[in-house]
Amino acid sequence: FSTIAHDIRAPVSSAYSLMQLLDSEDTPPAERRDMIQKLSTSFDNLSQFLDELLEWSRHQLEDGKILPQFIDLDQVLDRIVGLYEPMIASKTLKIHRTIKAGHIKIDEGGFSLILRNIIHNAIKFTPNDGVITIEVQELDNQVVTKISDTGVGIDQDYLDKIVAGSESLSSRGTNNETGSGFGLQACIQYIRYSGGQVDIKSEKGTGTEFLVTLPVG
């Protein structure tokens, strides 16, 4: 249930940040109309996301088995990036995507959990006008996902504790965004539970790169 709460909190906070901008008297009418459209899209994505998350969580409570199914990577990424569109817009971030796989057979709920948490952390710890790069490809019966950012980076000692599962990334983001760090921990645990691997490279002041490898089928 902590995983569900974390997953819901991030996109809701993202939409709330856009609502705060709408409430500002300094926002021109043209920008307000654009924000209203983005907010509407964000809530549509959030509604679909909640349906998917609750269904996946129900299944996990029943038997906890991985349920691979064919998914469209572009559609999955569209929905996930759409959840955080208000945060992306408020920080004027650029999202670069390279997808070298179409339909793959994988547990969509678990894969989405991984993408959401890593992408959200990239957004949170990347300063205004930064760049986040998402690359996904299918290679040797595995899905290889690389997510990198031009963010503030992580100290090596702290990074080692995160990978070992003894520490959570609970510091504030570049725009003072809050978070418990639980989501990233759950993400790493799920990768390992699924028989996958995660490699994290980071340098303070330069950025962070997550490389996730998961079996297909």
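Up top you'll find the structure we're talking about.
Residues numbered from 1 in each chain as written. Predicted model: local features only at pLDDT ≥ 70, side-chain atom pairs only at ≥ 80, totals over all residues. Heavy atoms only, no water.

1. Points about the overall build of the protein chain
Reasoning step 1: Of the regular secondary structure elements, the protein chain holds seven helices and seven strands.
Reasoning step 2: Sorting the 217 residues of the protein chain into buried and exposed places 45% on the buried side.
Reasoning step 3: Counting only contacts in the protein chain whose residues sit at least 6 apart along the sequence, the fraction spanning at least 24 positions is 72%.
Reasoning step 4: Split by element, the accessible area of the protein chain, about 11,000 Å² in all, is 50% carbon and sulfur. (Helix = DSSP H or I, 4+ residues; strand = E, 2+ residues; numbered from the N terminus. Buried < 20%, exposed > 50% of the residue type's maximum accessible area, 1.4 Å probe, protein only. Contact = heavy atoms within 4.5 Å. Areas by Shrake-Rupley, 256 points an atom, 1.4 Å probe, with all protein chains shown as cover.)

2. Remarks on the pairing of strand 6 (residues 197-203)
Reasoning step 1: Of the two faces of strand 6, the one holding Val198, Ile200 and Ser202 is buried and the one holding Gln197, Asp199, Lys201 and Glu203 is not buried anywhere.
Reasoning step 2: Examined bridge by bridge, strand 6 and strand 7 (residues 207-215) share seven bridges and lie antiparallel to one another. Residue Gln197 lies in a different strand from strand 7, and its bridge partner there is Thr213.
Reasoning step 3: Hairpin remark: strand 6 followed by strand 7, antiparallel, with three residues in the connecting loop; positive phi at Gly205, about 85°. (Pairing = 2+ DSSP bridges.)

3. What to know about the packing of aromatic side chains
Reasoning step 1: A complete count under the given rule lists one aromatic pair for this structure.
Reasoning step 2: Ring plane angle 50° and centroid distance 6.3 Å describe the contact between Tyr190 and Tyr193, whose orientation is recorded as tilted. With Tyr190 and Tyr193 both in helix 7 (residues 182-193), this residue pair falls three residues apart, about one helical turn. (Phe/Tyr/Trp six-rings, centres within 6.5 Å; stacked < 30°, edge-to-face > 60°.)

4. Observations regarding the pattern of salt bridges
Reasoning step 1: A complete count under the given rule lists four salt bridges for this structure.
Reasoning step 2: A salt bridge links Arg79 to Glu108; the nearest nitrogen and oxygen atoms lie 2.7 Å apart. Note that Arg79 is positioned in helix 3 (residues 73-83) and Glu108 in helix 5 (residues 108-124), a separation of 29 residues in sequence.
Reasoning step 3: Residue classification places Arg79 among the buried residues on the basis of a relative accessible area of 18%. (Salt bridge = Lys/Arg side-chain N within 4 Å of Asp/Glu carboxyl O.)

5. A few points about helix 3
Reasoning step 1: For helix 3, a buried count of eight out of eleven residues is recorded, marking the element as mostly surrounded by other parts of the structure.
Reasoning step 2: Three or more residues of helix 3 are buried, namely Leu73, Val76, Leu77, Arg79, Ile80, Val81, Gly82 and Leu83.
Reasoning step 3: Between the side-chain oxygen of the N-cap and the backbone nitrogen of Asp74 there are 3.0 Å, and the N-cap of helix 3 in question is Asp72. (Polar contact = N/O pair within 3.5 Å; in protein donor to acceptor, adjacent residues only side chain to side chain.)

6. A word on the sheet that holds strand 5 (residues 142-149)
Hydrogen bonding along the main chain pairs the strands of a sheet, whether they run parallel or antiparallel.
Reasoning step 1: Overall, mixed pairing links the five strands, which are arranged 2-4-5-7-6 in an open sheet. Edge positions in the sheet fall to strand 2 (94-100) and strand 6, since each has one partner strand and no second. The mean angle between the axes of side-by-side strands here comes to 10°, regardless of whether they run parallel or antiparallel.
Reasoning step 2: In the sheet, strand 4 (residues 131-138) pairs with strand 5 via seven bridges, with the strands oriented antiparallel. Note on strand 5: the bridge partner recorded for Glu138 is Val143.
Reasoning step 3: Here helix 3 sits on the sheet in contact with strand 2 and strand 4, set at roughly 160° to strand 2. (Axes fitted to C-alpha atoms, helices over the stretch in contact; angles between N-to-C directions.)

7. Details of the environment of His96
Reasoning step 1: The topology assignment puts His96 in strand 2.
Reasoning step 2: With relative accessibility at 42%, the residue His96 sits in the partly exposed group.
Reasoning step 3: A C-alpha to C-alpha distance of 6.1 Å links His96 and Ile134, two positions 38 residues apart in sequence.
Reasoning step 4: Residues contacting His96, with those up to four places away along its chain left out, are Val131, Ile132, Thr133 and Ile134.

8. So, helix 5
Reasoning step 1: Counted at 1.5 Å a residue, the expected span for helix 5 with its 17 residues is 24 Å, and the 24 Å between its end C-alpha atoms agrees.
Reasoning step 2: Judged by how many residues are buried, helix 5 sits mostly within the fold: 17 of 17 residues are covered. (Expected span 1.5 Å × (residues − 1).)

9. Examining the nonpolar core
Reasoning step 1: Counting residues in each nonpolar core, the largest one holds 40 residues, and the members touching the most others are Tyr84, Phe111, Ile114, Leu115, Ile119, Ile123 and Ile134.
Reasoning step 2: The biggest single contributor to this core is helix 5, with eight residues. (Core = buried A, V, L, I, M, F, W, Y, C linked by side-chain atoms within 4.5 Å.)

10. Some thoughts on the environment of Gly173
Reasoning step 1: By secondary structure assignment, the location of Gly173 is in the loop between helix 6 (156-164) and helix 7.
Reasoning step 2: C-alpha separation for the pair Gly173 and Phe125, spaced 48 residues apart in sequence, amounts to 4.8 Å.
Reasoning step 3: For Gly173, the contacting residues outside a window of four places in its chain are Lys124 and Phe125.

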